[in-house]
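# Structure at a glance
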Amino acid sequence: MLFRSILTNKILAVVMGPAGVGMFGLYRQLLDTAAAIAGIGSTGGLVQGLSSTEGEARLRRLKAALILNIVAIQLSAIGFIIMSPTIAEKYFQQSNPGIELAVRWLWLPLALIEIGMMLWNLISVSRSFRWLAIVMIAPPAGSLVFAYPLALECAQDNQWGYFGLLLLPPTLQILMALPVIAKLGWLREMRLAWGVEARRDDYFHYFRMYGSSLIAYLAGFVMLMLVPPMILANYGADHVGFFRVAWTLGIQNLSILFASIGTYLYPMLSGAKSEEERQQLDRKSTRLNSSHVSESRMPSSA
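Residues numbered from 1 in each chain as written. Predicted model: local features only at pLDDT ≥ 70, side-chain atom pairs only at ≥ 80, totals over all residues. Heavy atoms only, no water.

Before going further, it helps to spend a moment on the overall build of the chain. When helices and strands are tallied, the chain shows 14 helices and zero strands. Taken over 302 residues, the chain has a buried fraction of 44%. (Helix = DSSP H or I, 4+ residues; strand = E, 2+ residues; numbered from the N terminus. Buried < 20%, exposed > 50% of the residue type's maximum accessible area, 1.4 Å probe, protein only.)

Written out as structure tokens, the structure is:
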């Protein structure tokens, strides 16, 4: 997905220059931050909660996750619809009806992102890492086919071009994930989950996992929701584009480093049956991450 983001920014830069990258970056960061805040039932808590339980307990956890996801998506939709004029004026620094309308509809790609995250985390719980890699990489890469025509729409100041760039990747991801989810039996598990009653501790599990990440979400909110509008107001959209490119390139190694935690280590550790198995997984992940840090370190002479 990071590779797709870099190429999308490159296409926008070729078609529109830094201003196009900056405008897309504003939309992208707004959506990413909202998705992170709304992801209470679709991120690490889902992987840990389902990997560490079986039978009816797992169905209860799954039911709680489904309900929390539905509620979070509904609240996000209400928030975008009500706040769209304020977001356009304060965040995008312009009262543009086209921007207001696009922001009002950002709940749709957000909903697809949350559903997509839930589906690929269910694949992760099943430890089908080959399918997980395909579902996470192939659809975003395939969406690059549409990046150039959508960038041309953006160049005509059509805000729906930016909206399309945000909507396509999660849509393709869900379409590819659904057959995998069905093959792994999760659609049947979801149907069964609606027949059980989630308990209070099932919901608390997600709130505990979510609460531990809330500080990071808030830090990201301050950094990436306040700084770009300040750059936009003082230096223009071109400099927002420069900031976006620098940020994307700067976090790529960190993203790769922590990707193994969410996609591999979480389900493996949560499903471990003994302390010895957990220690072996911990040592293995430490060696892999240490190797990545050593390989990605900049030369001292750089």
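Don't stop here, the text continues.
Our focus in this paragraph is the packing of aromatic side chains. Under the counting rule described, the total for this entry stands at five aromatic pairs. Ring-pair connections join several aromatic residues into one group, and the members of that group are Tyr 27, Tyr 91, Phe 92 and Tyr 162. A cation over an aromatic ring shows up here: Arg 130 above the ring of Trp 131, its NZ or CZ 5.2 Å from the ring centre. (Phe/Tyr/Trp six-rings, centres within 6.5 Å; stacked < 30°, edge-to-face > 60°. Lys NZ or Arg CZ within 6 Å of the ring centre and 35° of its normal.)

A separate point is the packing of helix 8 (residues 147-155) against helix 9 (residues 159-183). Running from N to C, helix 8 and helix 9 cross one another at 150 degrees; their axes reach a closest spacing of 7 Å. Put simply, helix 8 runs roughly antiparallel to helix 9. Packed against helix 8, whose contacting residues are Ala 147, Leu 150, Glu 153 and Cys 154, the element helix 9 presents Gly 161, Tyr 162, Gly 164, Leu 165 and Leu 168 at the interface. (Axes fitted to C-alpha atoms, helices over the stretch in contact; angles between N-to-C directions. Parallel < 35°, antiparallel > 145°, perpendicular 65-115°, else oblique. Contact = heavy atoms within 4.5 Å.)

A positive phi is found at Arg 127, a non-glycine position, where the angle reads about 60 degrees. Here the phi dihedral of Asp 157 falls at roughly 60 degrees; this positive angle occurs in a residue that is not glycine. On the secondary structure map, Asp 157 appears in the loop between helix 8 and helix 9.

Here we take up the nonpolar core. Residues Tyr 27, Leu 62, Phe 80, Phe 92 and Leu 122 are the most contacted members of the largest nonpolar core, which totals 67 residues. With 11 residues, helix 4 (residues 55-91) is the single largest residue contributor to this core. Once residues within four sequence positions are removed from consideration, Phe 80 is found in contact with Leu 30, Ala 34, Ile 87, Val 103, Arg 104, Leu 106, Trp 107 and Leu 110. (Core = buried A, V, L, I, M, F, W, Y, C linked by side-chain atoms within 4.5 Å.)

Here we take up helix 5 (residues 97-104). When we look at burial in helix 5, the residues that qualify are Ile 99, Glu 100, Ala 102 and Val 103. Angular distribution of buried residues about the axis of helix 5 spans 165 degrees; they occupy a single face of the element. Where helix 5 is buried, its residues contact helix 2 (18-38), helix 4 and helix 9. Its side-chain oxygen at 2.7 Å from the backbone nitrogen of Gly 98, Asn 96 defines the N-terminal cap of helix 5. (Arc of directions from axis to C-beta. Polar contact = N/O pair within 3.5 Å; in protein donor to acceptor, adjacent residues only side chain to side chain.)

Along the chain, Tyr 91 falls in helix 4. C-alpha of Tyr 91 to C-alpha of Leu 26: the two residues are 65 residues apart in sequence and 8.1 Å apart in space. Side-chain polar atoms of Tyr 91 contact the backbone oxygen of Leu 26, separated by 2.8 Å.

On to the environment of Trp 194. Assignment of secondary structure puts Trp 194 in the loop between helix 10 (186-193) and helix 11 (200-235). Note: C-alpha distance between Trp 194 and Leu 62 (132 residues apart in sequence) is 8.9 Å.

Here we take up the environment of Ser 126. The topology assignment puts Ser 126 in the loop between helix 6 (107-125) and helix 7 (129-142). Given the relative accessible area of 29%, Ser 126 is considered partly exposed. Linking Ser 126 and Val 47, residues 79 residues apart in sequence, is a C-alpha distance of 9.5 Å. When residues no more than four places from it in sequence are discounted, the contact partners of Ser 126 are Leu 184 and Trp 186.

Looking now at the pattern of salt bridges. A complete count under the given rule lists six salt bridges for this structure. Across the salt bridge formed by Glu 189 and Arg 188, the nearest N and O atoms sit 3.9 Å from each other. Counted as one network, the salt bridges with shared partners bring together Arg 60, Arg 61 and Asp 202. (Salt bridge = Lys/Arg side-chain N within 4 Å of Asp/Glu carboxyl O.)

Moving on: the packing of helix 2 against helix 9. Where helix 2 contacts helix 9, the axes come no closer than 10 Å and their chain directions differ by 55 degrees. By the angle class used here, helix 2 and helix 9 are oblique. Crossing angle aside, the handedness with which helix 2 passes helix 9 is right-handed. Each of Gly 20, Met 23, Phe 24, Tyr 27, Arg 28 and Leu 31 in helix 2 lies in contact with helix 9, whose residues at this interface are Gln 159, Tyr 162, Leu 165 and Leu 166. Considered class by class, the residues forming the contact of helix 2 with helix 9 number seven nonpolar, two polar and one charged. (Left-handed = near helix turned anticlockwise from the far one by under 90°. Nonpolar A, V, L, I, M, F, W, Y, C, P; charged D, E, K, R; others polar.)

It is worth spelling out the confidence of the model for the chain at this point. For the chain, per-residue confidence averages 79 on the pLDDT scale, and residues scoring 70 or more make up 75% of the total. Per-element averaging of pLDDT across the chain places helix 13 (residues 252-271) at the bottom with 56 and helix 10 at the top with 94. Confidence drops under pLDDT 50 across residues 295-302; counting only partners more than four residues distant or on other chains, this segment forms one contact. (pLDDT = per-residue confidence, 0-100.)

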